[in-house]
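Here are the chains, one letter per residue:
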Amino acid sequence: MKKYTLKRILTSLFTLLAILLVLFILMQLMPGSPFNDEKLTADMRAALYAKYGLDQPIYIQFFRYVGNMLRGDFGVSYNISKNTPISQLIQSRLPISIQIGGMAVMLGAVVGLVLGIIAALKRDTVFDTIATIISVIGVSVPSYVFALALSYTFGFKLRWFPMLFSAKNIFLPSVSLSMFTMASIARFTRSEMIEVLDSDYMLLAESKGISGPALIFRHALRNALIPIITVLAPLIVDLMTGSLVVEKIFAIPGVGSLLV
């Protein structure tokens, strides 16, 4: 087990390093630079390249970049906020994104589990059909479409929530981001629960007189949760990608808008 775990960790590290290298090379191949100001002379531009280490060979730049990143040093901003550390820009925005993303994960996981369990227990009924339709819509429709619809309906028409970001408006962007997670969890929960409910050990549990909530939650759901938790991990990462446009729609000063 230890050997397998170590192998997986090393594989992940090498994969991450390869991704960083590819992204770094792609950034190097892009035209232009932060110092495209026409007012800068050739000597001034050369001095700036030397100051930020951009005059070094690309392999030295890459390993310096990785080493600084491991220490939490992401360099300084030249265009967004001149000579401001990137880590400082992220620190002021990260808590907001974590708060919204965390609420989206909780909403998506809880609602998805409930929908999936109901769909599995009420298989081939109207409840199963409704849960399936909700799941298909949640997977198919982008999060920014939900964001626009929620903002227009509950912000502009009904005026239940402010249309732009505030302490009271964390609910709308969280719901927008949670839809894909909710739909994905609902689909996986349904399929896993059906497989578990049809298994031999569930029949054995029923033959021992176990029924009702004890049978569903202590035996069926416990075994079905293992692959569901595995699926939930990458969905959490996807929330950061989906938050880019959602944060712009609700004017949220989070990491997503900083990345844009």
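Residues numbered from 1 in each chain as written. Predicted model: local features only at pLDDT ≥ 70, side-chain atom pairs only at ≥ 80, totals over all residues. Heavy atoms only, no water.

Q: Explain the nonpolar core to me, please; I cannot follow it from the model alone.
A: Across soluble globular proteins, nonpolar side chains show a tendency to be buried alongside one another. Ile96, Ile100, Ala104, Ala147, Leu150, Ile170, Leu172, Val175, Leu177, Val246, Phe250 and Ile252 form the largest nonpolar core, which has 12 residues in total. At the level of secondary structure, the elements contributing two or more residues to this core comprise helix H4 (86-121), helix H6 (143-157) and helix H7 (171-197). By size, the runner-up hydrophobic cluster in this structure holds 7 residues, among which are Leu115, Ala131, Phe146 and Ala186. (Core = buried A, V, L, I, M, F, W, Y, C linked by side-chain atoms within 4.5 Å. Buried < 20%, exposed > 50% of the residue type's maximum accessible area, 1.4 Å probe, protein only. Helix = DSSP H or I, 4+ residues; strand = E, 2+ residues; numbered from the N terminus.)

Q: Help me understand the pattern of salt bridges in this model?
A: Close approach of charged atoms allows side chains of opposite charge to pair. The final tally for this structure, using the stated rule, is 1 salt bridge. The partner of Arg190 in a salt bridge is Asp128, and the shortest N-O contact between them spans 2.8 Å. One end of the pair, Arg190, is in helix H7; the other, Asp128, is in helix H5 (residues 126-140), with 62 residues separating them in the sequence. Given the relative accessible area of 5%, Asp128 is considered buried. (Salt bridge = Lys/Arg side-chain N within 4 Å of Asp/Glu carboxyl O.)

Q: Is there a simple way to think about the layout of surface pockets in this case?
A: Where empty space is left becomes clear once a probe the size of a water molecule has been rolled over the atoms. Estimated volume of the largest pocket: approximately 2,000 Å³. Met27, Tyr65, Phe74, Val76 and Ile86 are, among the 36 residues lining the largest pocket, the residues nearest its centre. Put simply, the parts of the chain that give the lining of the largest pocket at least two residues each are helix H1 (2-29), helix H3 (58-70), strand S1 (76-77), H4 and helix H10 (255-259). Here the residues of the lining of the largest pocket sort into 25 nonpolar, 9 polar and 2 charged. (1 Å grid on protein atoms, 1.4 Å probe; cavity = no way out; pocket = protein on both sides within 12 Å on 5 of 7 lines; lining within 4 Å. Points joined across faces, edges and corners; volume = space filled by probe spheres on them. Nonpolar A, V, L, I, M, F, W, Y, C, P; charged D, E, K, R; others polar.)

Q: What exactly am I supposed to notice about the confidence of the model for the protein chain here?
A: Should pLDDT be low for a region, the predicted coordinates there are not to be read in detail. For the protein chain, mean pLDDT is 81; residues scoring 70 or higher make up 87% of the total. Mean pLDDT across the elements of the protein chain bottoms out in helix H8 (residues 200-207) (64) and peaks in H3 (88). (pLDDT = per-residue confidence, 0-100.)

Q: I'm lost on the packing of H4 against H5 in this one. Help?
A: Between two packed helices, what matters for the description is the angle formed by their axes and the separation of those axes. Their axes nearest at 8 Å, the elements H4 and H5 cross at an angle of 145°. Between H4 and H5 lies a crossing of left-handed hand. Every residue of H5 that contacts H4 at Leu115, Ile118 and Ala119 is listed here: Phe127, Asp128, Ala131 and Ile134. (Axes fitted to C-alpha atoms, helices over the stretch in contact; angles between N-to-C directions. Left-handed = near helix turned anticlockwise from the far one by under 90°. Contact = heavy atoms within 4.5 Å.)

Q: Help me understand the side chain of Ser184, please; the structure alone is not making it clear to me.
A: Position of Ser184 among the secondary structure elements: in helix H7. The exposure class of Ser184 is buried, given its relative accessible area of 5%. Once residues within four sequence positions are removed from consideration, Ser184 is found in contact with Val139 and Leu235.

Q: Explain the packing of aromatic side chains here, please?
A: Any two aromatic rings considered together are summarised by their centre-to-centre distance and by the angle between their planes. Across all of its chains, the model carries 6 aromatic pairs by this definition. An angle of 25° between the planes, with centres 5.6 Å apart, marks the rings of Phe24 and Tyr65 as stacked. On the criterion of sequence distance, the pair formed by Phe24 in helix H1 and Tyr65 in helix H3 is long-range, its members being 41 residues apart. Among the residues examined, Phe24 registers a relative accessible area of 13% and is labelled buried. Here Tyr65 falls in the partly exposed class, since its relative accessible area comes to 33%. Ring centres 5.6 Å apart and planes at 40° place the aromatic pair Phe154 and Trp160 in the tilted group. Given a relative accessible area of 25%, Phe154 falls into the partly exposed group. Taking the relative accessible area as the measure of exposure, Trp160 reaches 57% and is therefore exposed. An aromatic cluster of three or more residues is present, and its members are Phe24, Phe62, Phe63 and Tyr65. (Phe/Tyr/Trp six-rings, centres within 6.5 Å; stacked < 30°, edge-to-face > 60°.)

Q: Would you mind going over the packing of H6 against H7 with me for this structure?
A: Axis separation between H6 and H7 bottoms out at 8 Å; the angle between their running directions is 145°. Regarding H6 and H7, the two cross each other, and that crossing is right-handed. Taking contact as the criterion, the partners of Ser143, Phe146, Ala147, Leu150 and Phe154 in H6 are, on H7, Leu172, Val175, Ser176, Leu177 and Met179. Class assignment of the residues belonging to the contact of H6 with H7 gives a composition of 8 nonpolar, 2 polar and no charged.

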